[in-house]
Amino acid sequence: MDLRVFTEPQQGATYETLLRVAKAAEDLNYGAFFRSDHYLHMGSVSGLPGPTDAWITLAGLARDTSRIHLGTLMTAATFRLPGVLAIQVAQVDQMSGGRVELGLGAGWYDTEHEAYGIPFPKEKFARLEEQLAVITGLWATPVGERFSYDGTYYQLKDSPALPKPAQSKVPVLIGGHGAKRTPALAARYADEFNMPFASLADTEQQFARVRAAAEQAGRKGDELVYSNALVACVGRNDAEVKRRADAIGREVEELKANGLAGSPAEVVERIAQYEGVGSQRMYLQMLDLDDLDHLALIASEVMPQLG
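What counts, and where the lines are drawn
- Residues numbered from 1 in each chain as written.
- Predicted model: local features only at pLDDT ≥ 70, side-chain atom pairs only at ≥ 80, totals over all residues.
- Heavy atoms only, no water.
- 1 Å grid on protein atoms, 1.4 Å probe; cavity = no way out; pocket = protein on both sides within 12 Å on 5 of 7 lines; lining within 4 Å.
- Points joined across faces, edges and corners; volume = space filled by probe spheres on them.
- Nonpolar A, V, L, I, M, F, W, Y, C, P; charged D, E, K, R; others polar.
- Pairing = 2+ DSSP bridges.
- Helix = DSSP H or I, 4+ residues; strand = E, 2+ residues; numbered from the N terminus.
- Salt bridge = Lys/Arg side-chain N within 4 Å of Asp/Glu carboxyl O.
- Buried < 20%, exposed > 50% of the residue type's maximum accessible area, 1.4 Å probe, protein only.
- Axes fitted to C-alpha atoms, helices over the stretch in contact; angles between N-to-C directions.
- Parallel < 35°, antiparallel > 145°, perpendicular 65-115°, else oblique.
- Left-handed = near helix turned anticlockwise from the far one by under 90°.
- Contact = heavy atoms within 4.5 Å.
- Phe/Tyr/Trp six-rings, centres within 6.5 Å; stacked < 30°, edge-to-face > 60°.

Novice: Where do I start with the layout of surface pockets in this structure?
Specialist: Empty pockets left among the atoms are what a rolling probe the size of a water molecule brings to light. Volume-wise, the largest pocket comes out at about 1300 Å³. Lining the largest pocket are 48 residues; nearest its centre among them are E8, H38, W108, F197 and Q285. Considered class by class, the residues forming the lining of the largest pocket number 23 nonpolar, 18 polar and 7 charged. As a volume, the second largest pocket reaches approximately 150 Å³. Class assignment of the residues belonging to the lining of the second largest pocket gives a composition of 7 nonpolar, 2 polar and 3 charged.

So, in structure tokens, the structure goes:
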């Protein structure tokens, strides 16, 4: 089981805060540092000092870290044109020496689009499909050849399809709860399928759908990595768990029901349950980015027990 750190900077974080977390995660041997791609806070927090851009952040981290993988859960397809995004991700991959992974989703938070003047189209999923075709097509085009694409929403003509990422293939993550279109899209384009904030039953059902879709598309179901994202709230004792729950405005029992919460032993058991339904990788949503001891506790008391 690969443990990765997943942050939500739109709730309030500077680049320096994110760098501290990323470096701590690297030093503690987490598999990756991921961040959301949002421009507006959610809930009752102020969001101060304001949003940071996901790919500008990852470009900085590409130079300020040395080993840890970097990526997004999920980049919103509504924020960027696919040709531009392909260039951005390829450049950050070069800057990192080949440590980037691209999680790409349709986009959903209409209020942030309104707040920053970003168009919020009705046909978001169809646009996502075309974005994936364009981005992966640009990267896969051999140097010296040209790439063209004539879609409903995006058209490219005689693109030199440059630059290329450092990796021969940047891992692409697709995720979500959709029963039909999402598994089909993952089967076509994904290297990893992520199930965010889902129960064991829903995770098992969706993983089965993705495996079936992959096999129908001519791939082996186990070609994909299967992962979950869940909020983490771990403590050495009940008082520490409650303190961490209070710090993020959540109730302990709710976190235990819907996330990874409790003592290290409880969390190890909970992760094992997800592993039992097919999860191979866990993105730990860390909401208090000032609490680096939380990361250290999980690394020392949970990670070694996962094998």
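Still more to cover.
Novice: Can you walk me through the pairing of strand β6 (residues 147-150) in this structure?
Specialist: For a regular strand, side chains alternate in direction, first toward one face of the sheet and then toward the other. When β6 meets strand β7 (residues 155-159), the two strands line up antiparallel, connected through 3 bridges. Note on β7: the bridge partner recorded for F147 is S159. Where β6 hands over to β7, the hairpin turn is made up of 4 residues, counted between the paired strands.

Novice: Mind showing me how you'd approach the pattern of salt bridges here?
Specialist: All told, the structure shown has 19 salt bridges when counted by the stated rule. Where R244 meets E240, a salt bridge forms, and the shortest distance between an N and an O atom there is 3.3 Å. In this pair, R244 and E240 both sit in helix α8 (residues 238-247), 4 residues apart, roughly one turn of the helix. An identical accessibility class is assigned to R244 and E240; each is buried. For the salt bridge of D246 with K242, the shortest nitrogen-to-oxygen distance reads 2.8 Å. Taken together, the residues D246 and K242, both in helix α8 and 4 residues apart, mark about one turn of the helix. Residue D246 is classed as partly exposed on the basis of its relative accessible area, which comes to 46%. Within this structure, R236, E240, R243, R244, D291 and D293 form a network of salt bridges that share partners.

Novice: What exactly am I supposed to notice about the packing of helix α2 (residues 54-64) against helix α3 (residues 82-96) here?
Specialist: Axis angle and axis distance: for two packed helices, these are the angle between their axes and the distance between the axes, and together they describe the pair. As a packed pair, α2 and α3 sit with axes 8 Å apart at the nearest point and diverge in direction by 15°. In terms of their interaxial angle, α2 and α3 are classed as roughly parallel. Here α2 runs over α3; the crossing is left-handed. Seen from α2, the contacting residues are W55, L58, A59, A62 and R63; seen from α3, they are L85, V89, V92, M95 and S96. Here the contact of α2 with α3 is built from residues that sort into 8 nonpolar, 1 polar and 1 charged.

Novice: Just checking my understanding: could you explain the packing of helix α6 (residues 181-189) against helix α7 (residues 200-216) for this structure?
Specialist: One can describe the packing of α6 onto α7 by two numbers: an axis separation of 8 Å at closest approach and a directional angle of 50°. Taken together, α6 and α7 sit at an angle that is classed as oblique. Between α6 and α7 lies a crossing whose hand is right-handed. For the pair α6 and α7, the contacting residues are T182, P183, A184, A186 and A187 in the first and Q206, R209, V210, A213 and A214 in the second. For the contact of α6 with α7, the residue count by class is 7 nonpolar, 2 polar and 1 charged.

Novice: Would you mind showing me how to read the packing of aromatic side chains here?
Specialist: We describe a pair of aromatic rings using the distance from one ring centre to the other and the angle between the two ring planes. Evaluated as defined, the whole model comprises 6 aromatic pairs. Between the aromatic rings of W108 and Y109, the centroid separation amounts to 5.1 Å while the plane-to-plane angle is 25°, which identifies the pairing as stacked. Plain terms: the ring middles of F193 and F207 are 6.4 Å apart, the flat faces sit at 85° to each other, and that makes the pair edge-to-face. Taken together, the positions of F193 in strand β9 (residues 192-196) and F207 in helix α7 put the pair 14 residues apart, joining distant regions of the chain. In this structure, F193 and F207 share a single accessibility class: buried.

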